Amino acid sequence: MDRYRVAPGTQVDLSQWSTDDTPEAESKDEGKERFSVMNNRLEALQEVLYAQGKHKILIVLQAMDTGGKDGAIRHVFDGVNPQGVKVASFKVPTPLERAHDYLWRVHARTPAQGEIVIFNRSHYEDVLVVRVHNLVPEDVWSRRYEQINAFEKLLADEGTTILKFYLHISKEEQKERLQARLDDPSKHWKFSPGDLAERKFWPDYMAAYEAVLSRTSTDWAPWYIVPADRKWYRNLVISEVLVQTLAGLDLRFPEATESLDGVVIE
Ligand code: ADP
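Residues numbered from 1 in each chain as written. Predicted model: local features only at pLDDT ≥ 70, side-chain atom pairs only at ≥ 80, totals over all residues. Heavy atoms only, no water.

1. Some details on the packing of aromatic side chains
- Applying the stated criterion across every chain, the model contains six aromatic pairs.
- Ring plane angle 75° and centroid distance 4.9 Å describe the contact between Phe90 and Phe119, whose orientation is recorded as edge-to-face. Placement of the pair is Phe90 in the loop between strand 2 (85–89) and helix 3 (95–98) and Phe119 in strand 3 (residues 116–120), with a sequence separation of 29 residues.
- Looking at Phe119, the relative accessible area reads 0%, which means it is buried.
- Centre to centre, the rings of Trp232 and Tyr233 are 5.6 Å apart; their planes meet at 80°, and the pair counts as edge-to-face. (Phe/Tyr/Trp six-rings, centres within 6.5 Å; stacked < 30°, edge-to-face > 60°. Helix = DSSP H or I, 4+ residues; strand = E, 2+ residues; numbered from the N terminus. Buried < 20%, exposed > 50% of the residue type's maximum accessible area, 1.4 Å probe, protein only.)

Here it is, written out as structure tokens:
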């Protein structure tokens, strides 16, 4: 899955990154089978992560509307122990949040030892929607790439493993997904007319994402560009990267605090 990792310093042109190729799977069936194996492995790895209480894992999910953040969270983390996994969603900042610097609310939600925290949107909104709509002046948002790299370096230096996924869908796929939401009453709650307004800014968002992916993929917090038009493939890529990363940590169940030899339970 290394092909999806953005090497630091790469100038990303998203039109050159596929949204629907599935080169890592022979077929959908084979992909789904592998995903199910990954799911079980993730469950086992997360149990040890939680028991050991040592590592902190931060997963950042970013995507255009309908890009599949919610679906990825639901499927990739199916079966893990909810005690050790948290989702932090970042919406339009509240007045209290806005009264602080933009990383204040983000830092407060970062993982503690033994935890996996999934960011459903993140501090990257502060160089995405904020940039596209000029919510702060350019000289303010343009400094944020460096600030974000430094912030993530701090987290990494203090023991957080960071993985960032951009779920890459095509504009046509977004149209289909929005239409599906319109057509199905059980999906109406997900439909927001605001999404249609945002869709008009597609090229601006692509440029903003390209800047993010080009400037903030680092050795300590890499971005992965996930082809996300096919949901099963998106899930497979995320879970393989995650399992590979967790398997590379020194995960071990902790020793008993004292010898249990000869302990008898009456
Ligand atoms: P989602 O689309 O993630 O399921 P919502 O429909 O509630 O959830 O959308 C959250 C909204 O909050 C998005 O439009 C997003 O751009 C916006 N948002 C998030 N962070 C910021 C921010 N820092 N400044 C302005 N808007 C933000």
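Structure's up, so let's keep going.
2. Topic: unusual backbone geometry
- Positive phi is not limited to glycine here, since Thr66 has a value of about 70°.
- Note that Thr66 resides in the loop between strand 1 (56–63) and helix 2 (69–76).
- Residues other than glycine seldom take positive phi values, yet Arg121 does so here, at roughly 70°.
- Relative to the helices and strands, Arg121 is located in the loop between strand 3 and helix 5 (129–132).

3. Here's the deal with the sheet that holds strand 2
- Here five strands make up an open sheet; going across it, the order is 2-3-1-4-5 and the pairing parallel. The open sheet is flanked by strand 2 and strand 5 (223–227), the only strands paired with a single partner. Recorded for the sheet is a direction-independent mean angle of 20° between the axes of neighbouring strands.
- With five bridges connecting them, strand 4 (residues 160–168) and strand 5 associate as parallel partners. Of the residues in strand 5, the one forming a bridge with Phe165 is Tyr224. (Pairing = 2+ DSSP bridges. Axes fitted to C-alpha atoms, helices over the stretch in contact; angles between N-to-C directions.)

4. Thoughts on the pattern of salt bridges
- In total, this model carries 13 salt bridges according to the counting rule given.
- When the shortest N-O distance is used, the salt bridge between Arg3 and Glu24 registers 2.7 Å. One end of the pair, Arg3, is in the segment before helix 1 (28–52); the other, Glu24, is in the segment before helix 1, with 21 residues separating them in the sequence.
- Put simply, Arg105 and Glu97 hold a salt bridge, and the shortest N to O gap is 3.1 Å.
- Through salt bridges that share partners, Glu30, Arg34 and Glu240 make up one connected network. (Salt bridge = Lys/Arg side-chain N within 4 Å of Asp/Glu carboxyl O.)

5. What about the site of the ligand?
- Close to the ligand lie 13 residues, the nearest being Lys69, Lys91, Arg121, Glu125 and Asp126.
- Separating an oxygen atom of the ligand from a side-chain N or O atom of Lys69 is a distance of 2.9 Å.
- Protein contacts shield 72% of the accessible area of the ligand, which totals 570 Å² for the unbound molecule.
- Spatially, the ligand is embedded in the largest pocket.
- Split into classes, the residues belonging to the shell around the ligand amount to six nonpolar, no polar and seven charged. (Near = heavy atom within 4 Å. Polar contact = N/O pair within 3.5 Å; in protein donor to acceptor, adjacent residues only side chain to side chain. Areas by Shrake-Rupley, 256 points an atom, 1.4 Å probe, with all protein chains shown as cover. 1 Å grid on protein atoms, 1.4 Å probe; cavity = no way out; pocket = protein on both sides within 12 Å on 5 of 7 lines; lining within 4 Å. Sits in = over half its atoms within 2 Å of the grid points. Nonpolar A, V, L, I, M, F, W, Y, C, P; charged D, E, K, R; others polar.)

6. Focus on the nonpolar core
- Counting 73 residues, the largest nonpolar core has Phe77, Phe165 and Tyr166 as its most contacted members.
- Ranked by residue count, the leading element in this core is helix 11 (residues 231–247), at nine residues.
- In contact with Phe165, other than residues within four places in its own chain, are Ile59, Val60, Leu61, Gln62, Trp223, Tyr224, Val226, Ile238 and Val241. (Core = buried A, V, L, I, M, F, W, Y, C linked by side-chain atoms within 4.5 Å. Contact = heavy atoms within 4.5 Å.)

7. Comments concerning the packing of helix 2 against helix 11
- The interhelical angle for the contact between helix 2 and helix 11, taken along N-to-C directions, is 55°, at an axis separation of 10 Å. By the angle between their directions, the pair helix 2 and helix 11 is classed as oblique. Of the two elements, helix 2 crosses helix 11, and the hand of that crossing is right-handed. Counting all contacts with helix 2, which are made through Gly71, Ala72, His75 and Val76, the residues of helix 11 involved are Arg234, Asn235, Ile238, Ser239 and Leu242.
- Class assignment for the residues of the contact of helix 2 with helix 11 results in four nonpolar, four polar and one charged. (Parallel < 35°, antiparallel > 145°, perpendicular 65-115°, else oblique. Left-handed = near helix turned anticlockwise from the far one by under 90°.)

8. So, the layout of surface pockets
- Its boundaries defined by the atoms lining it, the largest pocket holds a volume of some 1,500 Å³.
- If you go around the largest pocket, you meet 49 residues; those closest to its centre are Ala63, Asp65, Lys69, Asn120 and Arg121.
- Per element, the largest residue contribution to the lining of the largest pocket is five residues, and it comes from helix 2.
- Considered class by class, the residues forming the lining of the largest pocket number 16 nonpolar, eleven polar and 22 charged. (Points joined across faces, edges and corners; volume = space filled by probe spheres on them.)

9. Regarding the environment of His123
- With respect to the helices and strands, the residue His123 is situated in the loop between strand 3 and helix 5.
- Judged by its relative accessible area of 1%, His123 is buried.
- Once the C-alpha coordinates of His123 and Asp13 are considered, the two residues, 110 residues apart in sequence, prove to be 22 Å apart.
- Only 2.9 Å separates the side chain of His123 from the side chain of Glu152, close enough to count as a polar contact.

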